[in-house]
Amino acid sequence: MKIRMTGLLILFSLLGSFVSGSPKGHPLRHRLIFNCDGTDLLGNPMFNRRLLSVADVNAYVDAYANTQVTTFMMCSGSDYPYYRSKYGRVFGDNRNGLLNCGTDTAGYRNLFSYYQNHLNLEKAGTDVIQAALRRAKEKKMETFISYRMNDLHFCDTTTRCPIEYTDFWLAHPQYWLNEDIGWKSRGALNYSFKEVREQKLNMIKEQIDRYGELIEGYDLDFMRFPTYFKKDSGVVNAPLMTELVKAVKAEIDGLSVRKGKKILLSVRIPPDWDFCLQKGFDVKEWIRQGLVDFVTIGIFFNGAVIPVAKFKSQLNEPSVPVYASTENGGSSPRQPFSHGIYRSMASHILAQGGDGIYLFNYFVAEYYSTYKSKLYLEDGGNVCKVIAPGLLNEMGSLETLRKRNKIYCMDDGCSAEWGYKPDTKLPLMLSSDNQDYVTLFIGDDTKRDIPEEAILFLRTNHPAQMEIMVNGVKVETQKPEYVNLFDRAQNLRKDEVVYAFIVPVSCLQQGDNQVSFRSVFNDPFAVKRVEIALKYGDVKTHGYF
(Lines give C-alpha, C1' and ligand atoms only; values in the text may rest on other atoms or scores of the structure.)
Protein backbone atom coordinates (compact mmCIF):
# COMPACT_ATOMS: atom_id res chain seq x y z
CA MET A 1 0.00 0.00 0.00
CA LYS A 2 2.84 2.37 0.89
CA ILE A 3 4.54 1.73 -2.47
CA ARG A 4 1.29 2.33 -4.36
CA MET A 5 0.67 5.60 -2.47
CA THR A 6 4.19 6.77 -3.23
CA GLY A 7 3.59 6.09 -6.92
CA LEU A 8 0.40 8.13 -6.85
CA LEU A 9 2.16 11.02 -5.18
CA ILE A 10 4.83 10.96 -7.88
CA LEU A 11 2.12 10.94 -10.58
CA PHE A 12 0.32 13.91 -9.03
CA SER A 13 3.61 15.72 -8.73
CA LEU A 14 4.31 15.18 -12.41
CA LEU A 15 0.92 16.48 -13.47
CA GLY A 16 0.78 19.37 -11.06
CA SER A 17 4.22 20.83 -10.73
CA PHE A 18 6.30 20.17 -13.84
CA VAL A 19 7.14 23.38 -15.67
CA SER A 20 7.46 23.35 -19.41
CA GLY A 21 10.96 24.41 -20.35
CA SER A 22 11.49 27.82 -21.90
CA PRO A 23 14.06 27.15 -24.61
CA LYS A 24 14.91 30.80 -25.20
CA GLY A 25 15.05 31.79 -21.56
CA HIS A 26 11.78 33.75 -21.53
CA PRO A 27 9.59 33.54 -18.42
CA LEU A 28 7.06 30.73 -18.79
CA ARG A 29 4.09 33.09 -18.92
CA HIS A 30 5.51 35.24 -21.68
CA ARG A 31 5.23 33.88 -25.20
CA LEU A 32 5.36 35.08 -28.77
CA ILE A 33 3.57 32.24 -30.53
CA PHE A 34 3.68 31.56 -34.25
CA ASN A 35 0.88 29.40 -35.62
CA CYS A 36 2.17 27.68 -38.76
CA ASP A 37 -0.62 27.09 -41.24
CA GLY A 38 0.25 23.68 -42.66
CA THR A 39 -0.74 24.57 -46.21
CA ASP A 40 1.56 27.59 -46.19
CA LEU A 41 4.47 25.31 -45.37
CA LEU A 42 3.38 22.23 -47.33
CA GLY A 43 2.71 24.30 -50.48
CA ASN A 44 6.28 25.68 -50.33
CA PRO A 45 5.58 29.28 -51.42
CA MET A 46 8.90 30.36 -49.88
CA PHE A 47 10.66 28.57 -52.73
CA ASN A 48 8.17 29.36 -55.49
CA ARG A 49 6.23 26.13 -54.94
CA ARG A 50 8.99 23.81 -56.03
CA LEU A 51 8.89 20.20 -54.81
CA LEU A 52 9.19 20.43 -51.04
CA SER A 53 12.30 19.03 -49.36
CA VAL A 54 13.37 18.68 -45.74
CA ALA A 55 15.86 21.47 -46.37
CA ASP A 56 12.99 23.72 -47.47
CA VAL A 57 11.04 22.88 -44.30
CA ASN A 58 14.10 23.72 -42.24
CA ALA A 59 14.53 27.05 -44.00
CA TYR A 60 10.86 27.91 -43.39
CA VAL A 61 11.15 27.19 -39.67
CA ASP A 62 14.48 29.01 -39.47
CA ALA A 63 12.78 32.23 -40.62
CA TYR A 64 11.04 32.31 -37.23
CA ALA A 65 13.96 31.03 -35.19
CA ASN A 66 16.46 33.31 -33.46
CA THR A 67 13.77 36.01 -33.16
CA GLN A 68 11.46 36.83 -30.27
CA VAL A 69 9.26 33.88 -31.27
CA THR A 70 9.26 31.48 -28.33
CA THR A 71 6.68 28.96 -29.48
CA PHE A 72 6.19 27.19 -32.81
CA MET A 73 2.69 25.78 -33.26
CA MET A 74 2.29 23.41 -36.19
CA CYS A 75 -1.21 23.10 -37.63
CA SER A 76 -2.03 19.43 -38.19
CA GLY A 77 -4.65 19.78 -40.92
CA SER A 78 -7.90 19.12 -39.01
CA ASP A 79 -9.87 16.40 -40.88
CA TYR A 80 -7.62 16.80 -43.92
CA PRO A 81 -4.32 15.75 -42.26
CA TYR A 82 -0.77 16.33 -43.37
CA TYR A 83 0.25 12.75 -42.51
CA ARG A 84 -0.89 9.15 -43.09
CA SER A 85 -3.92 8.85 -40.83
CA LYS A 86 -6.35 6.05 -39.99
CA TYR A 87 -9.11 8.66 -39.88
CA GLY A 88 -8.58 10.86 -42.92
CA ARG A 89 -6.98 11.21 -46.33
CA VAL A 90 -3.71 13.09 -46.71
CA PHE A 91 -4.19 16.64 -47.94
CA GLY A 92 -4.40 16.62 -51.76
CA ASP A 93 -4.42 12.83 -52.14
CA ASN A 94 -6.29 12.03 -55.36
CA ARG A 95 -6.73 8.34 -54.59
CA ASN A 96 -4.49 7.28 -57.48
CA GLY A 97 -6.35 9.45 -59.95
CA LEU A 98 -9.89 8.55 -58.86
CA LEU A 99 -10.57 12.05 -57.54
CA ASN A 100 -10.42 15.15 -59.68
CA CYS A 101 -12.03 18.57 -60.16
CA GLY A 102 -13.68 18.09 -63.53
CA THR A 103 -12.92 21.03 -65.77
CA ASP A 104 -11.13 22.92 -62.98
CA THR A 105 -7.72 21.57 -63.89
CA ALA A 106 -5.88 24.47 -62.22
CA GLY A 107 -7.62 23.82 -58.91
CA TYR A 108 -6.87 20.13 -59.20
CA ARG A 109 -3.17 20.70 -59.95
CA ASN A 110 -2.89 23.06 -56.99
CA LEU A 111 -4.39 20.59 -54.52
CA PHE A 112 -2.49 17.61 -55.92
CA SER A 113 0.81 19.51 -55.63
CA TYR A 114 0.45 19.42 -51.84
CA TYR A 115 0.20 15.64 -51.95
CA GLN A 116 3.23 15.44 -54.20
CA ASN A 117 5.15 17.47 -51.63
CA HIS A 118 3.95 15.08 -48.95
CA LEU A 119 5.17 12.11 -50.99
CA ASN A 120 8.58 13.71 -51.42
CA LEU A 121 8.95 14.16 -47.66
CA GLU A 122 7.69 10.62 -47.16
CA LYS A 123 10.51 9.36 -49.35
CA ALA A 124 12.86 11.14 -46.96
CA GLY A 125 11.31 9.25 -44.07
CA THR A 126 9.27 12.09 -42.57
CA ASP A 127 6.21 14.31 -43.01
CA VAL A 128 5.74 18.07 -42.82
CA ILE A 129 4.58 18.04 -39.18
CA GLN A 130 7.42 15.87 -37.94
CA ALA A 131 10.03 17.74 -39.95
CA ALA A 132 8.82 21.17 -38.80
CA LEU A 133 8.53 20.22 -35.12
CA ARG A 134 11.93 18.56 -35.17
CA ARG A 135 13.56 21.64 -36.68
CA ALA A 136 11.78 23.96 -34.22
CA LYS A 137 13.10 21.89 -31.32
CA GLU A 138 16.61 22.04 -32.79
CA LYS A 139 16.22 25.82 -32.86
CA LYS A 140 15.23 25.82 -29.17
CA MET A 141 11.62 26.85 -29.72
CA GLU A 142 8.77 25.47 -27.63
CA THR A 143 6.73 23.13 -29.86
CA PHE A 144 2.98 22.60 -30.07
CA ILE A 145 0.53 20.96 -32.43
CA SER A 146 -2.46 23.18 -33.19
CA TYR A 147 -5.64 21.33 -34.16
CA ARG A 148 -8.42 23.15 -36.01
CA MET A 149 -11.58 21.91 -34.34
CA ASN A 150 -13.94 22.64 -37.26
CA ASP A 151 -12.07 23.69 -40.38
CA LEU A 152 -14.44 24.86 -43.12
CA HIS A 153 -12.01 25.48 -45.96
CA PHE A 154 -12.93 22.29 -47.78
CA CYS A 155 -16.64 21.74 -47.30
CA ASP A 156 -18.32 23.40 -50.25
CA THR A 157 -19.92 20.88 -52.59
CA THR A 158 -20.74 23.59 -55.14
CA THR A 159 -17.10 23.45 -56.26
CA ARG A 160 -17.72 19.88 -57.44
CA CYS A 161 -14.11 19.04 -56.67
CA PRO A 162 -14.08 15.87 -54.54
CA ILE A 163 -10.31 15.90 -54.11
CA GLU A 164 -10.80 18.85 -51.75
CA TYR A 165 -13.45 17.22 -49.54
CA THR A 166 -12.43 15.33 -46.42
CA ASP A 167 -13.48 11.69 -46.34
CA PHE A 168 -15.38 11.81 -43.05
CA TRP A 169 -17.26 14.96 -44.02
CA LEU A 170 -18.23 13.69 -47.45
CA ALA A 171 -19.37 10.32 -46.12
CA HIS A 172 -21.62 11.82 -43.43
CA PRO A 173 -23.82 14.67 -44.70
CA GLN A 174 -26.19 13.86 -41.83
CA TYR A 175 -23.62 15.45 -39.51
CA TRP A 176 -23.48 18.78 -41.35
CA LEU A 177 -24.79 21.81 -39.48
CA ASN A 178 -26.84 23.09 -42.43
CA GLU A 179 -27.29 26.57 -41.00
CA ASP A 180 -26.15 29.95 -42.30
CA ILE A 181 -24.33 31.32 -39.27
CA GLY A 182 -21.08 32.38 -40.92
CA TRP A 183 -18.70 31.66 -43.78
CA LYS A 184 -19.40 28.13 -45.15
CA SER A 185 -21.18 27.28 -41.89
CA ARG A 186 -23.69 25.02 -43.65
CA GLY A 187 -20.87 22.51 -44.08
CA ALA A 188 -19.62 22.71 -40.50
CA LEU A 189 -19.65 19.48 -38.51
CA ASN A 190 -22.32 19.42 -35.81
CA TYR A 191 -20.71 18.51 -32.50
CA SER A 192 -24.01 17.44 -30.95
CA PHE A 193 -23.44 14.11 -32.73
CA LYS A 194 -21.38 11.65 -30.73
CA GLU A 195 -19.81 10.34 -33.92
CA VAL A 196 -18.37 13.78 -34.76
CA ARG A 197 -16.83 14.16 -31.32
CA GLU A 198 -15.39 10.64 -31.54
CA GLN A 199 -13.86 11.39 -34.95
CA LYS A 200 -12.17 14.50 -33.59
CA LEU A 201 -10.93 12.75 -30.45
CA ASN A 202 -9.56 9.85 -32.48
CA MET A 203 -7.56 12.21 -34.67
CA ILE A 204 -6.25 14.11 -31.65
CA LYS A 205 -5.24 10.86 -29.92
CA GLU A 206 -3.51 9.71 -33.10
CA GLN A 207 -1.50 12.94 -33.31
CA ILE A 208 -0.52 12.82 -29.64
CA ASP A 209 0.69 9.23 -30.09
CA ARG A 210 2.46 10.01 -33.36
CA TYR A 211 4.19 13.27 -32.42
CA GLY A 212 4.19 13.16 -28.61
CA GLU A 213 7.96 13.01 -28.34
CA LEU A 214 8.27 16.25 -30.30
CA ILE A 215 5.79 18.50 -28.49
CA GLU A 216 5.60 20.55 -25.32
CA GLY A 217 1.91 21.24 -25.80
CA TYR A 218 -1.27 20.77 -27.79
CA ASP A 219 -3.57 23.60 -28.89
CA LEU A 220 -7.30 23.26 -29.58
CA ASP A 221 -8.14 26.00 -32.06
CA PHE A 222 -11.87 26.68 -31.68
CA MET A 223 -11.59 29.82 -33.82
CA ARG A 224 -11.24 27.71 -36.95
CA PHE A 225 -14.15 27.99 -37.18
CA PRO A 226 -16.41 29.20 -34.35
CA THR A 227 -19.53 27.18 -35.13
CA TYR A 228 -20.17 23.80 -33.53
CA PHE A 229 -23.87 23.55 -32.66
CA LYS A 230 -27.17 24.70 -34.07
CA LYS A 231 -28.05 28.32 -33.40
CA ASP A 232 -29.20 28.95 -29.80
CA SER A 233 -28.19 25.43 -28.71
CA GLY A 234 -24.62 26.09 -27.61
CA VAL A 235 -25.41 26.54 -23.93
CA VAL A 236 -27.35 23.31 -23.59
CA ASN A 237 -24.66 21.42 -25.52
CA ALA A 238 -21.71 22.97 -23.67
CA PRO A 239 -21.31 19.90 -21.38
CA LEU A 240 -20.63 17.79 -24.49
CA MET A 241 -17.73 20.06 -25.46
CA THR A 242 -16.46 20.08 -21.89
CA GLU A 243 -16.37 16.27 -21.91
CA LEU A 244 -14.41 16.35 -25.17
CA VAL A 245 -11.85 18.79 -23.76
CA LYS A 246 -11.65 16.61 -20.65
CA ALA A 247 -10.94 13.55 -22.79
CA VAL A 248 -8.17 15.42 -24.63
CA LYS A 249 -6.72 16.54 -21.30
CA ALA A 250 -6.60 12.91 -20.16
CA GLU A 251 -4.57 12.04 -23.26
CA ILE A 252 -2.23 14.97 -22.65
CA ASP A 253 -1.77 13.98 -19.01
CA GLY A 254 -0.95 10.45 -20.11
CA LEU A 255 1.71 11.85 -22.42
CA SER A 256 3.05 13.96 -19.54
CA VAL A 257 3.53 10.83 -17.44
CA ARG A 258 5.21 8.94 -20.29
CA LYS A 259 7.61 11.80 -21.00
CA GLY A 260 8.22 12.67 -17.35
CA LYS A 261 7.45 16.34 -17.94
CA LYS A 262 4.41 18.57 -18.06
CA ILE A 263 2.75 18.77 -21.49
CA LEU A 264 0.42 21.74 -21.87
CA LEU A 265 -3.12 21.97 -23.26
CA SER A 266 -4.21 25.33 -24.62
CA VAL A 267 -7.30 26.67 -26.37
CA ARG A 268 -7.98 29.52 -28.79
CA ILE A 269 -11.44 31.01 -28.30
CA PRO A 270 -13.47 34.20 -28.89
CA PRO A 271 -12.74 37.18 -26.60
CA ASP A 272 -16.12 37.34 -24.87
CA TRP A 273 -17.38 34.99 -22.14
CA ASP A 274 -21.04 35.11 -23.09
CA PHE A 275 -20.28 34.57 -26.75
CA CYS A 276 -18.06 31.60 -25.87
CA LEU A 277 -20.90 30.00 -23.94
CA GLN A 278 -23.32 30.65 -26.79
CA LYS A 279 -20.96 28.67 -29.00
CA GLY A 280 -20.76 25.81 -26.51
CA PHE A 281 -17.42 26.75 -24.90
CA ASP A 282 -17.83 26.76 -21.12
CA VAL A 283 -14.29 28.02 -20.67
CA LYS A 284 -14.76 28.91 -17.00
CA GLU A 285 -15.73 25.29 -16.33
CA TRP A 286 -12.71 24.08 -18.30
CA ILE A 287 -10.49 26.22 -16.11
CA ARG A 288 -12.33 25.25 -12.91
CA GLN A 289 -11.65 21.59 -13.72
CA GLY A 290 -8.00 22.32 -14.50
CA LEU A 291 -8.32 21.22 -18.11
CA VAL A 292 -6.62 24.22 -19.72
CA ASP A 293 -3.12 25.56 -19.09
CA PHE A 294 -3.48 28.79 -21.06
CA VAL A 295 -6.00 30.63 -23.20
CA THR A 296 -5.65 32.60 -26.43
CA ILE A 297 -8.44 34.96 -27.45
CA GLY A 298 -9.03 36.18 -30.98
CA ILE A 299 -11.50 37.67 -33.41
CA PHE A 300 -12.34 35.87 -36.62
CA PHE A 301 -10.36 37.22 -39.60
CA ASN A 302 -9.48 40.43 -37.72
CA GLY A 303 -7.04 41.07 -34.91
CA ALA A 304 -6.56 44.83 -34.65
CA VAL A 305 -8.51 45.44 -31.44
CA ILE A 306 -9.12 42.62 -28.95
CA PRO A 307 -10.57 43.46 -25.49
CA VAL A 308 -7.79 41.78 -23.52
CA ALA A 309 -8.22 43.72 -20.26
CA LYS A 310 -11.98 43.13 -20.21
CA PHE A 311 -11.54 39.40 -20.83
CA LYS A 312 -8.87 39.04 -18.14
CA SER A 313 -11.06 40.91 -15.67
CA GLN A 314 -13.97 38.55 -16.38
CA LEU A 315 -11.65 35.54 -16.14
CA ASN A 316 -10.22 36.66 -12.80
CA GLU A 317 -7.78 33.74 -12.78
CA PRO A 318 -4.25 35.17 -12.39
CA SER A 319 -2.71 31.72 -12.64
CA VAL A 320 -3.99 31.20 -16.21
CA PRO A 321 -1.96 33.06 -18.87
CA VAL A 322 -4.02 34.89 -21.50
CA TYR A 323 -2.68 35.58 -24.98
CA ALA A 324 -4.35 37.33 -27.90
CA SER A 325 -4.07 36.46 -31.57
CA THR A 326 -3.37 38.83 -34.42
CA GLU A 327 -4.50 38.45 -38.01
CA ASN A 328 -3.08 39.67 -41.30
CA GLY A 329 -5.86 42.11 -42.12
CA GLY A 330 -8.99 43.84 -40.96
CA SER A 331 -11.32 46.82 -41.36
CA SER A 332 -14.35 46.95 -43.62
CA PRO A 333 -13.76 46.53 -46.51
CA ARG A 334 -10.88 44.28 -45.52
CA GLN A 335 -7.31 45.32 -46.22
CA PRO A 336 -3.89 43.98 -45.20
CA PHE A 337 -2.37 45.25 -41.98
CA SER A 338 0.71 47.43 -42.25
CA HIS A 339 3.81 47.41 -40.06
CA GLY A 340 2.48 50.29 -37.98
CA ILE A 341 -0.76 48.45 -37.28
CA TYR A 342 1.06 45.21 -36.42
CA ARG A 343 3.07 47.13 -33.83
CA SER A 344 -0.06 48.76 -32.43
CA MET A 345 -1.79 45.36 -32.15
CA ALA A 346 1.14 43.96 -30.20
CA SER A 347 1.35 47.05 -27.99
CA HIS A 348 -2.40 46.98 -27.37
CA ILE A 349 -2.30 43.32 -26.28
CA LEU A 350 0.71 43.67 -24.00
CA ALA A 351 -0.25 47.03 -22.47
CA GLN A 352 -3.69 45.64 -21.62
CA GLY A 353 -2.08 42.88 -19.58
CA GLY A 354 -1.83 40.13 -22.18
CA ASP A 355 0.81 37.54 -21.33
CA GLY A 356 1.96 37.37 -24.92
CA ILE A 357 0.94 37.34 -28.57
CA TYR A 358 -0.26 34.58 -30.88
CA LEU A 359 0.61 35.31 -34.51
CA PHE A 360 -1.99 33.88 -36.87
CA ASN A 361 -1.53 34.06 -40.64
CA TYR A 362 1.81 35.83 -40.19
CA PHE A 363 3.51 34.29 -43.22
CA VAL A 364 6.94 35.57 -44.23
CA ALA A 365 7.36 33.19 -47.19
CA GLU A 366 6.20 35.82 -49.68
CA TYR A 367 8.83 38.23 -48.33
CA TYR A 368 11.52 35.84 -49.54
CA SER A 369 9.91 34.59 -52.75
CA THR A 370 7.85 37.45 -54.22
CA TYR A 371 9.56 40.46 -52.66
CA LYS A 372 13.10 38.99 -52.72
CA SER A 373 13.80 40.03 -49.13
CA LYS A 374 12.87 43.67 -49.78
CA LEU A 375 10.29 45.96 -48.18
CA TYR A 376 8.09 47.37 -50.91
CA LEU A 377 6.33 50.57 -49.87
CA GLU A 378 2.89 51.97 -50.58
CA ASP A 379 2.51 55.29 -52.39
CA GLY A 380 3.88 58.04 -50.18
CA GLY A 381 6.81 55.98 -48.93
CA ASN A 382 5.74 55.79 -45.26
CA VAL A 383 3.70 52.59 -45.20
CA CYS A 384 4.77 48.98 -45.73
CA LYS A 385 2.37 46.03 -45.87
CA VAL A 386 4.89 43.29 -46.62
CA ILE A 387 4.76 40.69 -43.84
CA ALA A 388 8.40 40.72 -42.85
CA PRO A 389 10.58 38.79 -40.39
CA GLY A 390 12.02 41.99 -38.94
CA LEU A 391 8.86 42.67 -36.94
CA LEU A 392 9.37 39.34 -35.15
CA ASN A 393 12.12 41.09 -33.19
CA GLU A 394 9.82 43.93 -32.17
CA MET A 395 6.39 42.56 -31.35
CA GLY A 396 7.43 40.33 -28.46
CA SER A 397 7.66 43.01 -25.76
CA LEU A 398 6.67 46.57 -24.90
CA GLU A 399 10.34 47.39 -24.46
CA THR A 400 11.27 46.53 -28.05
CA LEU A 401 8.15 48.37 -29.26
CA ARG A 402 9.22 51.62 -27.60
CA LYS A 403 9.74 54.59 -29.93
CA ARG A 404 8.62 52.57 -32.94
CA ASN A 405 6.13 54.15 -35.36
CA LYS A 406 2.57 52.85 -34.94
CA ILE A 407 -1.01 53.33 -36.10
CA TYR A 408 -3.59 52.64 -33.39
CA CYS A 409 -7.14 51.98 -34.51
CA MET A 410 -10.58 50.99 -33.33
CA ASP A 411 -12.73 48.07 -34.40
CA ASP A 412 -14.94 49.60 -37.08
CA GLY A 413 -17.45 46.76 -36.81
CA CYS A 414 -15.64 44.42 -39.20
CA SER A 415 -15.32 41.69 -36.54
CA ALA A 416 -19.10 41.16 -36.42
CA GLU A 417 -18.93 37.57 -37.69
CA TRP A 418 -20.62 34.37 -36.50
CA GLY A 419 -22.92 36.43 -34.26
CA TYR A 420 -20.12 38.16 -32.36
CA LYS A 421 -20.89 41.73 -31.28
CA PRO A 422 -17.69 43.79 -31.41
CA ASP A 423 -16.86 46.08 -28.53
CA THR A 424 -17.11 49.30 -30.58
CA LYS A 425 -19.29 52.38 -31.06
CA LEU A 426 -18.43 52.65 -34.74
CA PRO A 427 -20.00 53.68 -36.99
CA LEU A 428 -20.87 56.73 -34.89
CA MET A 429 -23.79 58.86 -36.10
CA LEU A 430 -23.47 62.60 -35.45
CA SER A 431 -25.69 65.64 -35.96
CA SER A 432 -25.55 69.26 -34.84
CA ASP A 433 -27.75 68.68 -31.83
CA ASN A 434 -25.72 65.85 -30.34
CA GLN A 435 -22.14 65.23 -29.30
CA ASP A 436 -20.65 61.80 -28.89
CA TYR A 437 -17.29 60.19 -28.42
CA VAL A 438 -15.29 57.03 -28.97
CA THR A 439 -12.47 55.59 -26.90
CA LEU A 440 -9.20 54.63 -28.55
CA PHE A 441 -6.57 52.68 -26.61
CA ILE A 442 -2.89 53.61 -26.88
CA GLY A 443 -0.34 51.18 -25.49
CA ASP A 444 2.64 53.56 -25.64
CA ASP A 445 3.65 55.58 -22.58
CA THR A 446 3.55 58.88 -24.45
CA LYS A 447 4.67 60.83 -21.37
CA ARG A 448 7.92 58.87 -21.19
CA ASP A 449 8.50 58.39 -24.92
CA ILE A 450 7.20 61.56 -26.56
CA PRO A 451 6.31 61.17 -30.26
CA GLU A 452 7.48 63.78 -32.72
CA GLU A 453 3.95 63.95 -34.09
CA ALA A 454 0.52 62.43 -33.56
CA ILE A 455 -1.99 62.30 -36.41
CA LEU A 456 -5.69 61.60 -36.08
CA PHE A 457 -7.22 59.96 -39.16
CA LEU A 458 -11.00 59.93 -39.54
CA ARG A 459 -13.06 58.21 -42.21
CA THR A 460 -16.58 59.60 -42.64
CA ASN A 461 -19.47 58.53 -44.82
CA HIS A 462 -19.38 61.85 -46.73
CA PRO A 463 -17.68 65.27 -46.47
CA ALA A 464 -18.47 66.84 -43.12
CA GLN A 465 -17.86 69.89 -40.94
CA MET A 466 -17.10 68.88 -37.37
CA GLU A 467 -15.61 69.91 -34.06
CA ILE A 468 -13.15 67.44 -32.57
CA MET A 469 -11.71 67.09 -29.08
CA VAL A 470 -9.06 64.60 -27.93
CA ASN A 471 -9.07 64.17 -24.15
CA GLY A 472 -10.72 67.56 -23.85
CA VAL A 473 -8.23 69.37 -26.11
CA LYS A 474 -9.57 70.91 -29.30
CA VAL A 475 -8.07 69.55 -32.53
CA GLU A 476 -8.14 71.89 -35.52
CA THR A 477 -5.00 71.73 -37.67
CA GLN A 478 -5.52 69.60 -40.76
CA LYS A 479 -2.90 67.93 -42.94
CA PRO A 480 -4.74 66.74 -46.07
CA GLU A 481 -1.51 65.53 -47.67
CA TYR A 482 -1.03 63.03 -44.82
CA VAL A 483 -4.01 60.99 -46.01
CA ASN A 484 -2.07 59.65 -48.97
CA LEU A 485 1.35 59.80 -47.33
CA PHE A 486 0.07 57.37 -44.70
CA ASP A 487 -2.05 55.32 -47.13
CA ARG A 488 -5.30 55.92 -45.24
CA ALA A 489 -7.60 56.30 -48.27
CA GLN A 490 -7.60 52.68 -49.43
CA ASN A 491 -10.91 51.05 -50.39
CA LEU A 492 -13.03 54.17 -50.07
CA ARG A 493 -16.68 53.55 -50.71
CA LYS A 494 -19.01 55.98 -52.44
CA ASP A 495 -18.85 59.50 -50.93
CA GLU A 496 -16.46 58.42 -48.13
CA VAL A 497 -13.76 60.89 -47.09
CA VAL A 498 -10.63 60.60 -44.93
CA TYR A 499 -9.39 63.52 -42.84
CA ALA A 500 -6.01 63.97 -41.14
CA PHE A 501 -5.67 66.19 -38.05
CA ILE A 502 -2.61 67.02 -35.96
CA VAL A 503 -3.17 66.09 -32.31
CA PRO A 504 -1.20 67.87 -29.56
CA VAL A 505 1.05 65.11 -28.30
CA SER A 506 0.80 66.41 -24.75
CA CYS A 507 -2.90 65.53 -24.54
CA LEU A 508 -2.39 61.84 -25.28
CA GLN A 509 -2.02 59.21 -22.59
CA GLN A 510 -1.23 55.55 -22.20
CA GLY A 511 -4.55 53.71 -22.04
CA ASP A 512 -7.95 55.00 -23.15
CA ASN A 513 -8.11 58.27 -25.07
CA GLN A 514 -11.45 59.97 -25.64
CA VAL A 515 -12.08 61.37 -29.11
CA SER A 516 -15.31 63.41 -29.19
CA PHE A 517 -17.20 64.82 -32.16
CA ARG A 518 -19.90 67.35 -32.89
CA SER A 519 -21.35 68.24 -36.26
CA VAL A 520 -21.62 71.90 -37.24
CA PHE A 521 -23.99 73.63 -39.65
CA ASN A 522 -26.66 70.98 -39.02
CA ASP A 523 -24.75 68.48 -41.14
CA PRO A 524 -25.39 64.87 -40.00
CA PHE A 525 -22.60 62.42 -40.77
CA ALA A 526 -21.14 59.11 -39.63
CA VAL A 527 -17.63 58.47 -38.32
CA LYS A 528 -16.71 55.08 -39.76
CA ARG A 529 -13.05 54.71 -38.82
CA VAL A 530 -10.80 56.32 -36.18
CA GLU A 531 -6.99 55.95 -36.10
CA ILE A 532 -4.12 57.72 -34.36
CA ALA A 533 -0.62 57.44 -35.80
CA LEU A 534 2.34 57.99 -33.48
CA LYS A 535 5.42 59.15 -35.34
CA TYR A 536 8.68 58.84 -33.39
CA GLY A 537 10.98 59.59 -36.27
CA ASP A 538 11.97 58.81 -39.82
CA VAL A 539 10.52 55.55 -41.12
CA LYS A 540 13.96 54.20 -42.01
CA THR A 541 15.10 54.39 -38.38
CA HIS A 542 11.83 54.12 -36.42
CA GLY A 543 9.90 51.72 -38.64
CA TYR A 544 7.43 51.98 -41.47
CA PHE A 545 3.81 52.72 -40.68
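The notes below deal with the structure included here. (Residues numbered from 1 in each chain as written. Predicted model: local features only at pLDDT ≥ 70, side-chain atom pairs only at ≥ 80, totals over all residues. Heavy atoms only, no water.)

### Things to note about the environment of Y175
Reasoning step 1: Mapping Y175 onto the fold places it in the loop between α6 (167-171) and α7 (194-211).
Reasoning step 2: The class for Y175 is buried, based on a relative accessible area of 8%.
Reasoning step 3: Each C-alpha atom of the pair Y175 and G187 lies 8.8 Å from the other, and the pair is twelve residues apart in sequence.
Reasoning step 4: Ignoring sequence-local partners within four residues, the contact set of Y175 consists of F168, A188, L189, N190, F193, E195 and V196. (Helix = DSSP H or I, 4+ residues; strand = E, 2+ residues; numbered from the N terminus. Buried < 20%, exposed > 50% of the residue type's maximum accessible area, 1.4 Å probe, protein only. Contact = heavy atoms within 4.5 Å.)

### Notes on the pairing of strand β4 (residues 217-221)
Reasoning step 1: The element β4 is largely enclosed, with a buried count of five among its five residues.
Reasoning step 2: Here β4 shows two buried faces, one formed by G217, D219 and D221 and the other by Y218 and L220.
Reasoning step 3: Pairing of β4 with strand β5 (residues 264-269) involves five bridges; the strand directions are parallel. Bridge pairing in β5 places D219 opposite S266.
Reasoning step 4: Crossover β4 to β5 through helix α8 (residues 234-259) is right-handed. (Pairing = 2+ DSSP bridges. Right-handed = clockwise from strand over helix to strand, strands pointing away.)

### Looking at the packing of helix α3 (residues 54-62) against helix α5 (residues 128-138)
Reasoning step 1: Relative orientation of the contacting elements α3 and α5 amounts to 50 degrees, with a least axis distance of 9 Å. Between α3 and α5, the angle is such that the two are oblique. As α3 packs across α5, the resulting crossing turns out to be right-handed. Residues V57, N58, V61 and D62 of α3 touch α5, and the partners they reach there are A131, A132, R135 and A136.
Reasoning step 2: Partitioned by chemical class, the residues of the contact of α3 with α5 number five nonpolar, one polar and two charged. (Axes fitted to C-alpha atoms, helices over the stretch in contact; angles between N-to-C directions. Parallel < 35°, antiparallel > 145°, perpendicular 65-115°, else oblique. Left-handed = near helix turned anticlockwise from the far one by under 90°. Nonpolar A, V, L, I, M, F, W, Y, C, P; charged D, E, K, R; others polar.)

### Looking at α8
Reasoning step 1: Given a rise of 1.5 Å per residue, 26 residues ought to cover 38 Å, and the 36 Å separating the end C-alpha atoms of α8 matches this to within 8%.
Reasoning step 2: When the local axis directions of α8 are compared, the greatest deviation, roughly 25 degrees, occurs at L240. (Expected span 1.5 Å × (residues − 1). Bend = angle between axes of the 7 residues up to and from the residue.)

### Considerations on the state of the cysteines
Two cysteines form a disulfide when their sulfur atoms are joined by a covalent bond.
Reasoning step 1: Evaluated as defined, the whole model comprises one disulfide.
Reasoning step 2: Paired through a disulfide, C101 and C161 show a sulfur-sulfur distance of 1.7 Å. With C101 in the loop between β2 (71-75) and α4 (105-123) and C161 in the loop between β3 (142-148) and α6, this residue pair connects regions lying 60 residues apart in the sequence.
Reasoning step 3: Accessibility expressed as a relative area gives 4% for C101, which makes it buried.
Reasoning step 4: Cysteine C155 is unpaired, with the sulfur of C161 as its nearest cysteine sulfur at 13 Å. (Disulfide = S-S within 2.5 Å.)

### Some words on the packing of aromatic side chains
Each aromatic ring pair is characterised by the separation of its centres together with the angle its planes make.
Reasoning step 1: Using the criterion set out here, one finds 38 aromatic pairs in the structure.
Reasoning step 2: Through a chain of ring-to-ring contacts, three or more aromatic side chains come together here, namely Y80, Y82, F91, Y114 and F154.
Reasoning step 3: Note that R268 overlies the ring of F360, its terminal NZ or CZ placed 4.1 Å from the centroid.
Reasoning step 4: Over the ring of W273 we find K284; its NZ or CZ atom is 5.1 Å from the centre of that ring. (Phe/Tyr/Trp six-rings, centres within 6.5 Å; stacked < 30°, edge-to-face > 60°. Lys NZ or Arg CZ within 6 Å of the ring centre and 35° of its normal.)

### What to know about the sheet that holds strand β15 (residues 466-470)
Reasoning step 1: The four strands lie next to each other as β13-β18-β15-β16, forming an open sheet whose pairing is antiparallel. Looking at which strands have only one partner, the edges of the open sheet turn out to be β13 (435-442) and β16 (473-475). Neighbour-to-neighbour, the strand axes of the sheet open up by a mean angle of 30 degrees, direction not taken into account.
Reasoning step 2: Alignment of β15 against β16, held across three bridges, turns out to be antiparallel. Each bridged residue has a counterpart across the sheet, and for M469 the counterpart in β16 is K474.

It is worth stressing that arrangement in space is one thing and function is another; only the former is reported here.
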